[in-house]
Amino acid sequence: MTPAEIHAQFQLQHQASRAQVEVPLLVRRERLLRLQKMLDEHAPVLAAAVQADFGMRSPRLTEVADLFVLRSLLSHTLRHLGRWMKPQRVFTPLFLQPASAWIARQPLGVVGVIAPWNYPIQLALAPAITALAAGNRVMLKPSELTPHTSAQLAALVAQFFSADEFCVVQGDANLSALFASLPFDHLVFTGSTAVGRKVAQAAAHNLTPTTLELGGKSPCIIDGHCDLQEAALKIAHGKLFNAGQTCVAPDYVLLPRGREAEFAQAYGAAVLRLFPSIEGNGDYASIITARHYARLRTMLQQAQTLGAEVQTIDPSVGKPASGKPAVPTVGTLGDGASRQMLPTLVFGATSAMQLMQEEIFGPILPVISYERLDDAIAHINAGPRPLALYWFGQSEAVRDDVLARTVSGGVTVNDTLMHVAHDNLPFGGVGDSGWGAYHGEQGFLRFCHQKSVLVQSRWSLGALLYPPYGARFQRLMDLMRRWF
């Protein structure tokens, strides 16, 4: 689309949102049911598009990672939408009695969504579902790194929705910059912190409120008293789901010193259980592009050069192999199979290494040893606030201590990723990992304007507070001070 066409599309939705400020429940439900029908009828086509973009990512993985999450969100939203839309009555204080008051939940207007490539269906449509439920129009800009998926989404959305309701805009990073500069009523961005800063700056020019989901280095703390085998399995699942290309994946592990060999063995066994093979296994996704793959290899090579111990876990030989960075085994970097990077542990990582300075976004797991829990908490608090935090242990007192002394977007205890799947929990970051949250009613409210309404009574006592301020006014103020 040309810049003129994008501006024209925005104006179409903007005018439609102003012409129909109030969007009835039946209209909102019908839009959501159309989207549900789109997914039900065309899920195989969308999964095939994701497979084409990744090179290796089975429809089964897309079903659980993208489509299942959307179906759950749609079901939850349709079930609760009527209640969410109702005006919320609020208590009126004595000095304003007998007035009545409520909060009206109104659509904002036009919501823009800039979606990432790692879950190209889920993270495109989940914010759109919630924005449509709140009565808004939606413009979606999917990632240029998943062109097949983006093209399918554009075609399907155009088939099921009119352009003034919901549309998809395709293009490269330059178009994304133009998209972010449009005067939306709200803008949602999911991606890196660096790009998130640029999106926030572009939106600020129009005073556009934003929701930024930015990821970050999400830590996983292992307490000294936990089942290490079970913890390793759940950490491996969270880390290797979509080959680590997940914003809430465990980015590194904080492990009690002295248990390094035990953890390496447990993690290796977990990998073999989850992925009996890597090469050609569609349940283990490819790294999205050759450039991203090369970045991960560079991280490993630098870590080794600076003295870290690198262990790759190769199911084909059934055991960890020390000192061998993951490398492509067949084909070229343009092949999906050649971009299936082996799971890798890194011991002895330091702050001087790139993999401890950036979100990894791949199947590399640094393991940092700590002496005392205070050291682990200090390490976390010394860096930017993460999108997620994971803790494994048995003591509720220690758990609560960790939760009280750290700040993160969300937490899962004795597992990974699962807080994101809970429809009643808001999902979002804090600080460098983003701001704002969506999912469920919290997402609905994020895409609403909560308008304050006070209806004055004919018996209002407000005139007692009008000037001139004489003795009667002073007596009234004295009475109210005693009341308060």
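Parameters and conventions
Residues numbered from 1 in each chain as written. Predicted model: local features only at pLDDT ≥ 70, side-chain atom pairs only at ≥ 80, totals over all residues. Heavy atoms only, no water. Phe/Tyr/Trp six-rings, centres within 6.5 Å; stacked < 30°, edge-to-face > 60°. Helix = DSSP H or I, 4+ residues; strand = E, 2+ residues; numbered from the N terminus. Buried < 20%, exposed > 50% of the residue type's maximum accessible area, 1.4 Å probe, protein only. Lys NZ or Arg CZ within 6 Å of the ring centre and 35° of its normal. Pairing = 2+ DSSP bridges. Polar contact = N/O pair within 3.5 Å; in protein donor to acceptor, adjacent residues only side chain to side chain. Axes fitted to C-alpha atoms, helices over the stretch in contact; angles between N-to-C directions. Parallel < 35°, antiparallel > 145°, perpendicular 65-115°, else oblique. Contact = heavy atoms within 4.5 Å. Nonpolar A, V, L, I, M, F, W, Y, C, P; charged D, E, K, R; others polar.

A.B. asks: How should I be thinking about the packing of aromatic side chains in this particular structure?
C.D. replies: Two descriptors summarise a pair of aromatic rings, namely the distance from one centre to the other and the angle between the planes of the rings. Within this structure, the stated rule accounts for 11 aromatic pairs. Relative to W117, the ring of F54 has its centre 6.3 Å away and its plane inclined at 55°; by these criteria the two rings are tilted. In this pair, F54 is assigned in helix 2 (residues 25-54) and W117 in the loop between strand 3 (110-114) and helix 4 (122-133), connecting sequence segments 63 residues apart. Both residues of the pair, F54 and W117, belong to the buried class. Seen from their ring centres, F427 and Y438 are 6.2 Å apart, and the 75° between their planes marks the pair as edge-to-face. With a gap of 11 residues between them, F427 in strand 16 (residues 427-428) and Y438 in strand 18 (residues 437-438) connect regions that are remote in the sequence. Taking relative accessible area as the criterion, Y438 reaches 1% and is therefore assigned buried. Among the aromatic residues, those joined into a cluster by ring pairs are F10, F179 and F184. Lying across the ring of F54, R57 places its NZ or CZ 4.9 Å from the centre.

A.B. asks: Can you help me understand the pairing of strand 10 (residues 309-314) in this one?
C.D. replies: One face of the sheet, then the other: side chains in a regular strand alternate in exactly this way. By the criterion of burial, strand 10 is predominantly enclosed, with five of the six residues buried. Sheet analysis places strand 10 next to strand 12 (residues 344-347), joined by four bridges and oriented antiparallel. In the strand pairing of strand 12, T312 is matched with T344.

A.B. asks: Even after reading the chapter, I still don't get the side chain of D314, so can you show me in this structure?
C.D. replies: Tracing the chain through its elements places D314 in strand 10. Looking at D314, its side chain comes within polar contact range of the side chain of S316, at 2.6 Å.

A.B. asks: Can you help me understand the packing of helix 3 (residues 59-85) against helix 4 in this one?
C.D. replies: A pair of packed helices can be characterised by two numbers: the angle between their axes and the separation between those axes. Viewed as axis vectors pointing N to C, helix 3 and helix 4 meet at an angle of 10°, and their least axial separation amounts to 9 Å. With respect to helix 4, the element helix 3 is oriented roughly parallel. In this structure, helix 3 uses A65, D66, V69, L70, L73, L74, T77 and L81 to contact helix 4, whose residues at the interface are Q122, L125, A126, I129, T130 and A133. Considered class by class, the residues forming the contact of helix 3 with helix 4 number 10 nonpolar, three polar and one charged.

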